[in-house]
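Descriptive structure summary
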Amino acid sequence: MSLISKPSELLNKNAQNTVLAGLIYGEPGVGKTTMALSAPNPLLIDFDNGLKRVNVQYQKDSVQIKSYKDLIDVLQSTDLENYDTIVIDTLGKLIDKMGDYLSINNPKIKQSDGTLGMKGWGSVKIEFQRLLRSLTDKNKSVIFVAHAKEDKEGETTKKRPDVPGSSGKDVIKELDFMGYMSIIGGKRTIDLMPNECFHAKNSIGIDGFLEFSKLNGVNDFLTTQIFEKYSSTKAEEMSLRLKYDILIEIIDNAIDSLNTIEDVNDYYKNKYQQLEKVYSSYEYERAKMLKRTEKLGFKFNKESKVFE
Amino acid sequence: MKKTYLITPTLIQSWQYWFNYDGENEESVHSSFLNTLQRIKTQTTCAMQNGIDFEEKIMSIAESSILTDCEINLSPHNEIAKIVKGGLFQVPLKKQIDFDDFNILLYGRADVIKFDTVFDIKFTSKYELGKFSNSVQHLLYMFCADLEKFSYLISDGESYWKEDYFINSNNVRSQLISKINDFIIWIFNNEKYCNIFKEKWITSEN
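Calculation rules
- Residues numbered from 1 in each chain as written.
- Chains lettered and ligands numbered in written order.
- Predicted model: local features only at pLDDT ≥ 70, side-chain atom pairs only at ≥ 80, totals over all residues.
- Heavy atoms only, no water.
- Helix = DSSP H or I, 4+ residues; strand = E, 2+ residues; numbered from the N terminus.
- Rg over C-alpha atoms; globule rule 2.2 N^0.38 Å.
- Buried < 20%, exposed > 50% of the residue type's maximum accessible area, 1.4 Å probe, protein only.
- Contact = heavy atoms within 4.5 Å.
- Areas by Shrake-Rupley, 256 points an atom, 1.4 Å probe, with all protein chains shown as cover.
- Lys, Arg positive; Asp, Glu negative; His and termini not counted.
- Charge placed at Lys NZ, Arg CZ, Asp CG, Glu CD.
- 1 Å grid on protein atoms, 1.4 Å probe; cavity = no way out; pocket = protein on both sides within 12 Å on 5 of 7 lines; lining within 4 Å.
- Points joined across faces, edges and corners; volume = space filled by probe spheres on them.
- Nonpolar A, V, L, I, M, F, W, Y, C, P; charged D, E, K, R; others polar.
- Axes fitted to C-alpha atoms, helices over the stretch in contact; angles between N-to-C directions.
- Parallel < 35°, antiparallel > 145°, perpendicular 65-115°, else oblique.
- Left-handed = near helix turned anticlockwise from the far one by under 90°.
- Buried area = accessible area lost by both parts, 1.4 Å probe.
- Salt bridge = Lys/Arg side-chain N within 4 Å of Asp/Glu carboxyl O.
- Polar contact = N/O pair within 3.5 Å; in protein donor to acceptor, adjacent residues only side chain to side chain.
- Expected span 1.5 Å × (residues − 1).
- Patch = residues over 30% accessible without salt bridge, like charges linked within 9 Å, V, L, I, M, F, W, Y side chains within 5 Å.
- Core = buried A, V, L, I, M, F, W, Y, C linked by side-chain atoms within 4.5 Å.

Scanning chain B for helices and strands turns up 8 helices and 7 strands. For a compact globule of 206 residues, the expected C-alpha radius of gyration is about 17 Å, and chain B comes in at 18 Å, within 12% of that figure. The burial tally for chain B puts 51% of its 206 residues in the buried class. For chain B, contacts bridging at least 24 residues in sequence account for 64% of all contacts bridging at least 6. Summing over all exposed atoms, chain B offers an accessible surface of approximately 10,700 Å²; the carbon and sulfur share of this is 46%. Counting 21 positive and 28 negative side-chain charges, chain B places the averaged centre of each group 5 Å from the other.

Structure follows, in structure tokens:
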């Protein structure tokens, strides 16, 4: 095997090493499960019998799940090593099964009418966090699939993922992205930017609106449009972060060496905010300069624009 | 010489809230906007004080050296403090936009700036996902700081949530200018309010 990687191979490798937790939701029939299966090397945890609705050529390995205990068993098995992404279809069913499982061990979390009480939803929240942590610890990405639900907000309606009980916002808090999937002008779209019509989440800093045409035998949209893009954004960020750290060191050394009023005014006139701006390096320099001059007992005269 | 007027997120938001308000408390919402326009300091309400206390507690935890891993999961204060630790606190941000007849100096004070992100800490009694998506605050702060990431760190005292906004600089500029333009056009077409604005928001800073 060659030790040399082509850039695209490297990007694909990085994409497979990128661990993300995301959610795709939308109306029935928009192709949510197919879309979720376009994530890197997926295993479908099929609570909803969703695989049968996926075109045969895009179907992937799956596990039919009856109870939350089944999922725990799958997640503990060595079979999981063969997959990079776990697709959970649907999030609503997962939460329901999680609630049932937790109430078997602790019946007190259910109310007299059989539904979960506040304590029950608290337990679900903790279990959900535990599940996500156990997957990310194993270096697995997770894509949840959910149906859309409409919330009335005054005279308008807003779509959100159908997640039972009060667990919705606590579940979404744990995700890196959440996109509303729909069909606009014959094209399938995913929008990660929240607006007045639907809830969404974009904590990964990629373009919020994703559009794709017909699948032509290859189903890799999430891999190329989210995982690879995020991976390349991260690489760019790492290089900028390195540059930022070097700049901060230069600024620290320069400002810490200022001792006299002449030093300070010379620096302010000739060097202050003259370096390349990387991230918040100018704000850092300003704060550092303020702290140093305060320590030295110098004050800035706004009229004459010199320290005195 | 062209005059320069200050604009803050509070002014724009207070105007937007009143302008779009369609409820029964129109008078009180209008009066609140007028107070902001006249730069009248109102009494600190209980909700405002809760927010101030919350923010101060986070700052004190973030600035102390005792934040350890075992404390992190104990409270939203610790979780937020962990995120902002090592950042710059209370950073003034400003940037001027030139119009034909006057300049606008956009001004805000970021709770925290750390590396590539502006953070704003919010304390709220009720949080709904996407609560701040229409806010002008993240646009104005990202534009003034030349940063493309903004996070609201929100808590009700029991839990905490994070709302992230990533917008490239062109988008920030166009979205922000459109919101500022709406306000400018409206206020310069309403003499009564315009006179107050010109008197109270003129600035010699740049």
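Residues and elements named next belong to chain B. Counting across every chain of the model gives 1 cavity of 30 Å³ or more. The calculated volume of the largest cavity comes to roughly 120 Å³. Top contributing element to the lining of the largest cavity by residue count: strand β6 (residues 160–166), with 5 residues. Its residues assigned to classes, the lining of the largest cavity shows 7 nonpolar, 2 polar and 6 charged.

Let us look at the side chain of A:E237. Relative to the elements of secondary structure, A:E237 occurs in helix α7 (residues 221–256). For A:E237, a relative accessible area of 17% translates into the label buried. Among all residues touching A:E237, those that are not within four sequence positions of it are A:Y279, B:D116 and B:K149.

Here we take up the packing of helix α1 (residues 9–20) of chain B against helix α2 (residues 26–37) of chain B. Residue and element names in this part refer to chain B. Between α1 and α2, the least distance of the axes is 9 Å, while the angle of their chain directions is 160°. Regarding the angle of α1 to α2, the classification is roughly antiparallel. At the point where α1 passes α2, the crossing takes the left-handed sense. Residues T10, L11, S14, W15, Y17 and W18 of α1 touch α2, and the partners they reach there are E26, V29, H30, S32, F33, T36 and L37.

A few words now on the interface of chain B and chain A. Across the contact, 23 residues belong to chain B and 26 residues belong to chain A. Summing the contributions of chain B and of chain A, the shared interface buries around 2,100 Å²; its carbon and sulfur component is 59%. Sorting the residues of chain B by area buried against chain A places B:F115, B:L129 and B:F166 first, and these three jointly supply 32% of that buried surface. Across the chain B-chain A interface, the total number found is 1 salt bridge. In this structure, A:E237 engages B:K149 in a salt bridge whose closest nitrogen and oxygen atoms are separated by 3.1 Å. Counting every contact that joins chain B to chain A gives 5 residue pairs in polar contact (both at pLDDT 80 or more). Looking at the side of chain B that touches chain A, the elements that each hand over two or more residues are β2 (88–98), β3 (102–114) and β6 of chain B.

With that settled, consider helix α9 (residues 281–296) of chain A. Taking 1.5 Å as the rise per residue, α9(A) with 16 residues should run 22 Å; its terminal C-alpha atoms sit 22 Å apart, in good agreement. Listed in full, the buried residues belonging to α9(A) are A:S281, A:E283, A:Y284, A:E285, A:K288, A:M289, A:R292 and A:T293. Buried positions along α9(A) lie against α7, α8 (261–270) and β12 (306–307) of chain A together with β2, β3 and α6 (137–145) of chain B. Phi turns positive, to about 80°, at A:G297, one or two residues after α9(A).

The next subject is a nonpolar patch on the surface. All names here are of chain A. Residues L242, I246, I250 and L275 make up a contiguous nonpolar surface patch of roughly 350 Å² in combined accessible area. Its location among the elements puts L242 in helix α7. Classification of L242 by relative accessible area gives exposed; the value is 56%.

Further remarks concern the side chain of B:D120. Residue and element names in this part refer to chain B. Looking at where D120 falls in the secondary structure, it is placed in strand β4 (residues 117–123). With a relative accessible area of 4%, D120 lands in the buried category. Looking at D120, its side chain comes within polar contact range of the side chain of Q137, at 3.0 Å. Setting aside anything within four residues of it in sequence, one finds D120 in contact with D111, Q137, Y141, F150, S151, Y152 and L153.

Okay, the nonpolar core next. One finds A:L91, A:L94, A:F144, B:I7, B:L37 and B:L106 to be the most contacted residues of the largest nonpolar core, which totals 109 residues. If we skip the residues at most four places from it in the chain, B:L106 touches B:I7, B:L93, B:K94, B:K95, B:I97, B:L140, B:F143, B:C144, B:L176 and B:I180. Counting 27 residues, the second largest nonpolar core, distinct from the first, contains A:A39, A:V54, A:I206 and A:F212.

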